[in-house]
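A structural walkthrough
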Amino acid sequence: MGSVEKRVRDGRVTYLLARWRDDARRQRKRSFARKADADRFLAQVEADIVRGQYVDPSDKTTVVEHARRWAAGRAHRPTTARRVASLIETHIAATPLGSRRLAAVVPSEVQAWAAGRAKILSPSTLRNLVGLLRSIHAAAVLDRLVGRSPVVRVSLPSAHRERIVPLTVDQVRALADAIPARNRAMVVAQAGLGLRLGELLALRVQDVDFTARLVRIEWQFAPQSKVRTEPKTPRSRRTVPLPQVVAAALRAAHRGVPAGR
């Protein structure tokens, strides 16, 4: 159990000292001007210890300090790690929220931060950023750095996605004819196989089975990378049918003959 002690000077009570032992049995103390405040604080601390929700009130970890530690401990792929680090430095460290004491942040501060970020970010990017902050605070709850996460009921702009309209066959042909001959097979292959750009650039001759009319998608070039890497998720590794028009374009490119000639 905790206790409240009076500190007296010249016959007058100058402040009250609340003492307690935390969940690791370490002695803790905090001063108050009023006994009612000290009693209320001790009651809350003791209840939190019983519930296993005790948070050290003297911890001064900031939001950005915890965010950086959280990111460093994640098993991220290099490209993901760079993206997460950039989001933390640009949108957390560079904002007032980043320097706030982690345990002192309240939901209204998170909402104000999100509203500020909404002025410079697209709705989809903002949702990813808020999701990142939610994960960071969820980890803080598990580590008992905070009692509960303040990233709750955040109001965000609606995300409107434009309808994707694929190119017609004539448009694909026109695009292929408009670019240098050595790149025409890329246009036909991307349109016919539905590949991401990184997957298209990483495609190898041995990935194409002309006899079985199949293409294995097993590698990609990540953005700003010149090294082939495996796709981000197992589902991205797949085998797709090889249409005749794409097969002809790839054969022509492999022979060094411009596609369509």
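Let me sum up the structure you'll find in this document. In this text the structure is predicted, and so the values were computed from the model without any measurement.

Re the nonpolar core
Residues Ile88, Ile92, Trp113, Leu132 and Leu133 are the most contacted members of the largest nonpolar core, which totals 28 residues. Listed by contribution, the elements that provide at least two residues to this core are helix 2 (63–72), helix 3 (78–93), helix 4 (107–118) and helix 5 (123–142). Sequence-distant contacts of tryptophan 113, that is, excluding residues within four places in its chain, are made with His91, Ile92, Thr95, Leu97, Leu129, Val130 and Leu133. Counting residues in hydrophobic clusters, the runner-up holds 19 residues, among them Ala185, Val187, Leu203 and Val240.

What about the pattern of salt bridges?
By the definition in use, this model includes 17 salt bridges. The partner of aspartate 22 in a salt bridge is arginine 26, with the nearest N and O atoms 2.9 Å apart. Overall, arginine 26 belongs to the partly exposed group, its relative accessible area being 46%. For arginine 237, the salt bridge goes to glutamate 230, with nearest N and O atoms at 3.9 Å.

Regarding the packing of helix 2 against helix 3
In contact at an axis separation of 10 Å, helix 2 and helix 3 are set at 175 degrees when each is read in the N-to-C sense. Here helix 2 lies roughly antiparallel to helix 3, going by the angle between them. For the pair helix 2 and helix 3, contact is made by Val63, Val64, Ala67, Arg68, Trp70 and Ala71 and by Val84, Ile88, Glu89, Ile92 and Ala93, respectively. Grouping the constituent residues of the contact of helix 2 with helix 3 by class yields nine nonpolar, no polar and two charged.

Things to note about the pairing of strand 3 (residues 27–32)
Judged from the six bridges that link them, strand 2 (residues 12–21) and strand 3 form a sheet pairing that is antiparallel. Counterpart to leucine 17 in the pairing with strand 3 is serine 31. Hairpin remark: strand 2 followed by strand 3, antiparallel, with five residues in the connecting loop; positive phi at arginine 25, about 65 degrees.

Focus: unusual backbone geometry
With a phi close to 50 degrees, arginine 153 is a non-glycine residue in the positive phi region. If you trace the backbone, arginine 153 turns up in the loop between helix 5 and helix 6 (169–178). You can call arginine 153 exposed: its relative accessible area is 85%. The backbone of arginine 213 sits at a positive phi, close to 60 degrees, despite the residue not being glycine. When you line up the elements, arginine 213 lands in the loop between strand 4 (208–209) and strand 5 (214–217). Residue classification places arginine 213 among the partly exposed residues on the basis of a relative accessible area of 35%.

About the thresholds
Residues numbered from 1 in each chain as written. Predicted model: local features only at pLDDT ≥ 70, side-chain atom pairs only at ≥ 80, totals over all residues. Heavy atoms only, no water. Core = buried A, V, L, I, M, F, W, Y, C linked by side-chain atoms within 4.5 Å. Buried < 20%, exposed > 50% of the residue type's maximum accessible area, 1.4 Å probe, protein only. Helix = DSSP H or I, 4+ residues; strand = E, 2+ residues; numbered from the N terminus. Contact = heavy atoms within 4.5 Å. Salt bridge = Lys/Arg side-chain N within 4 Å of Asp/Glu carboxyl O. Axes fitted to C-alpha atoms, helices over the stretch in contact; angles between N-to-C directions. Parallel < 35°, antiparallel > 145°, perpendicular 65-115°, else oblique. Nonpolar A, V, L, I, M, F, W, Y, C, P; charged D, E, K, R; others polar. Pairing = 2+ DSSP bridges.

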